[in-house]
Amino acid sequence: MEVFDKVRLAITDYDYRGRGMGKADGAVVFLDGGEIGDVVDVTIVKKKKRFFEGEILSYEKKSPYRVKNPCPYTNCNGCAFLSLDRKEELNWKRRRVADALSRIGDVAVAVDPVTTRGESTGYRNHMQFHVKDRKLTLYGKGGEVISIKRCLMQTEKANAILAAMQGEKWLDEVALVGIRTTRRGESMVILSGPKDMKDNLLHGAVAFAVEAGVDSLYYTKNTNPRFHYGRKMEHLYGKKEITETLAGYDYGIFGSNFFQVNPMGAEAIIENVVSAVMPGKNVVELYAGIGTITLPLSELAEAVVANEYAEASVDYARKTAEKNGVENVRYIAGPAEKIMPRIAEEEKVDVLVVDPPRAGLDPMVVESTIEANPETMIYVSCNPSTLAR
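Bear in mind the structure is a predicted one, so any value in this text is a computation, not a measurement. (Residues numbered from 1 in each chain as written. Predicted model: local features only at pLDDT ≥ 70, side-chain atom pairs only at ≥ 80, totals over all residues. Heavy atoms only, no water.)

(A) The nonpolar core, seen in detail. Counting residues in each nonpolar core, the largest one holds 36 residues, and the members touching the most others are Val283, Leu297 and Tyr331. The element that contributes the greatest number of residues to this core is helix H6 (residues 311-323), accounting for four residues. In this structure Tyr331 touches Gly291, Thr294, Leu295, Ala306, Val314, Ala317, Arg318 and Ala321, once residues within four positions along its chain are discounted. (Core = buried A, V, L, I, M, F, W, Y, C linked by side-chain atoms within 4.5 Å. Buried < 20%, exposed > 50% of the residue type's maximum accessible area, 1.4 Å probe, protein only. Helix = DSSP H or I, 4+ residues; strand = E, 2+ residues; numbered from the N terminus. Contact = heavy atoms within 4.5 Å.)

(B) Local environment of the packing of aromatic side chains. In this structure the tally under the stated criterion is seven aromatic pairs. With a centroid separation of 5.2 Å and an interplanar angle of 90 degrees, the aromatic rings of Tyr14 and Phe81 are classed as edge-to-face. Placement of Tyr14 in strand S1 (residues 6-14) and of Phe81 in the loop between strand S5 (52-61) and helix H1 (86-103) is noted, with a sequence separation of 67 residues between them. Each of the two residues, Tyr14 as well as Phe81, counts as buried. Ring centres of Phe81 and Trp92 lie 5.4 Å apart, and the angle between their planes is 45 degrees; this geometry places the pair in the tilted category. A residue pair is termed long-range when its members are at least 10 positions apart, and Phe81 in the loop between S5 and H1 and Trp92 in helix H1 qualify at 11 residues. The class for Phe81 is buried, based on a relative accessible area of 13%. (Phe/Tyr/Trp six-rings, centres within 6.5 Å; stacked < 30°, edge-to-face > 60°.)

(C) The arrangement of the side chain of Thr181 in detail. By the secondary structure assignment, Thr181 is in strand S9 (residues 176-181). Residue Thr181 is classed as buried on the basis of its relative accessible area of 2%. At 3.0 Å, the side chain of Thr181 forms a polar contact with the side chain of Thr155. Setting aside residues up to four positions removed in sequence, Thr181 forms contacts with Arg124, Asn125, Thr155, Lys157, Ala158, Glu186, Ser187 and Ile242. (Polar contact = N/O pair within 3.5 Å; in protein donor to acceptor, adjacent residues only side chain to side chain.)

(D) Region of the structure containing helix H3 (residues 199-212). When the terminal C-alpha atoms of H3 are compared, their 20 Å separation across 14 residues agrees well with the 20 Å that a helix rising 1.5 Å per residue should span. Looking only at H3, the buried set comprises Leu201, Gly204, Ala205, Phe208 and Ala209. Looking straight down H3, one finds its buried side chains confined to an arc of 135 degrees; they lie on one side. For H3, exposure combined with an orientation more than 90 degrees from the buried face picks out Asp199, His203 and Glu211. Looking at the packing, one finds that the buried side of H3 touches helix H2 (156-165), strand S10 (187-193), strand S11 (216-221) and strand S12 (234-238). Where H3 ends, the next residue or the one after it, Gly213, has phi of about 75 degrees, a positive value. (Expected span 1.5 Å × (residues − 1). Arc of directions from axis to C-beta.)

(E) A look at the sheet that holds S12. Strand order across the open sheet formed by seven strands is S8-S7-S6-S9-S10-S11-S12, with mixed pairing between neighbours. What marks the edges here is a single partner per strand, and that holds for strand S8 (145-147) and S12. On average, each strand axis in the sheet is inclined to that of its neighbour by 30 degrees, with strand direction left out of account. Of the strand pairs in this sheet, S11 and S12 are connected by four bridges, and their pairing is antiparallel. Its bridge partner lying in S12, Tyr218 is registered against His235. Packing against the sheet, H2 makes contact with strand S6 (126-132), strand S7 (135-139), S9 and S10, and its axis sits at approximately 150 degrees to S9. Strand contacts of H3: S10, S11 and S12, with the helix running at about 40 degrees to S12, the strand carrying the most contacts. (Pairing = 2+ DSSP bridges. Axes fitted to C-alpha atoms, helices over the stretch in contact; angles between N-to-C directions.)

(F) Molecular detail of the sheet that holds strand S16 (residues 303-308). Pairing within the open sheet is parallel, and its five strands lie in the order S17-S16-S15-S18-S19. Where the open sheet ends on each side, the last strands, each with one partner, are strand S17 (329-333) and strand S19 (376-379). Neighbouring strand axes in the sheet, compared pairwise and without regard to direction, differ in orientation by 15 degrees on average. Here H6 sits on the sheet in contact with S16 and S17, set at roughly 170 degrees to S17.

(G) Summary view of the pairing of S10. Across the seven residues of S10, seven count as buried, placing the element largely inside the fold. Burial of the side chains of S10 extends over both faces: Ser187, Val189, Leu191 and Gly193 are buried on one face and Met188, Ile190 and Ser192 on the other. Bridge count for S9 against S10 is six bridges, and the pairing is antiparallel. When the bridges of S10 are listed, Leu176 appears paired with Ser192. Linking S9 back to S10 in an antiparallel pair, the connection comprises five residues, with Gly185 at a positive phi of about 95 degrees. Inspection of the sheet shows S10 paired to S11 by six bridges, in the parallel sense.

This is the structure in structure tokens:
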């Protein structure tokens, strides 16, 4: 099989991005769409060492799990599973976790049904849009830009700002726009551009923020295309932070600081973590961020030691704990692979909670965890494959 060959295959699974995949001539082919149960005609567009990539030309047979895609931007590359029955989507996600643990981790466990919270659309509190010809856009499946007037995934407040901003003259000096919202109805706009901000951008953007009811406005100079935002944020208008309440605690969102994009889903995770911890234990949390799991844990723990790499996040977490009246939490800044060995030597670790990035746990963290020998370990994973490893 070579590039430009045309093949017919049945879609039997998805990759981690939700792309359909199947086999042709015994080789795995990743596609630009499709649902499990589809039989498709495909043209091969890329040949890799261990797999191929293909584009769907037509559908010989459509999956019984297909539903009507509610999004008008069907070629947008932002979302997966919108054409898949919701029940089947959740079943597949459960199977993916079970398969990773069995196939990679060689661990046979029963995986519970997926816990859901809130709606499957309208939940995102943070999105970024690229600016093209004064329009706010997202990338399509072929790398093209698609002008977006309303996104199903973000909140109505964010969509009102998105619609109002289209065509603004000052967007000529902006490469990317971030829109953040909270369940309190507050909003923040972050403008990112390759150059220092000029007066016409400042005046135009502030005037827009006032007219559109934006609560907070920032600008960041960014010359690195790998990142959405630059290292420094310049506050232009309104509040310096907007507030979200998560599991009973208030958190300030400012500039580009990380916060879960699905607050309802985050609360479901927090509840599951807390319910697995016995009262009166000494808890250590790694990759703690700004403390969204830490503070609820503090309610039943004897003490919590929380570690986060970013100094700015740790500073903010300490202030948040103080504002919320939490006194039994101690934060340590630094990389987990350096901090955890110290904790294993110096602290009593009854419960260890980890919430690492997609890459998973560093080998030094694994080694020092074994040394610490906690009674309970809770792993919050965004990547079942690295969890299994």
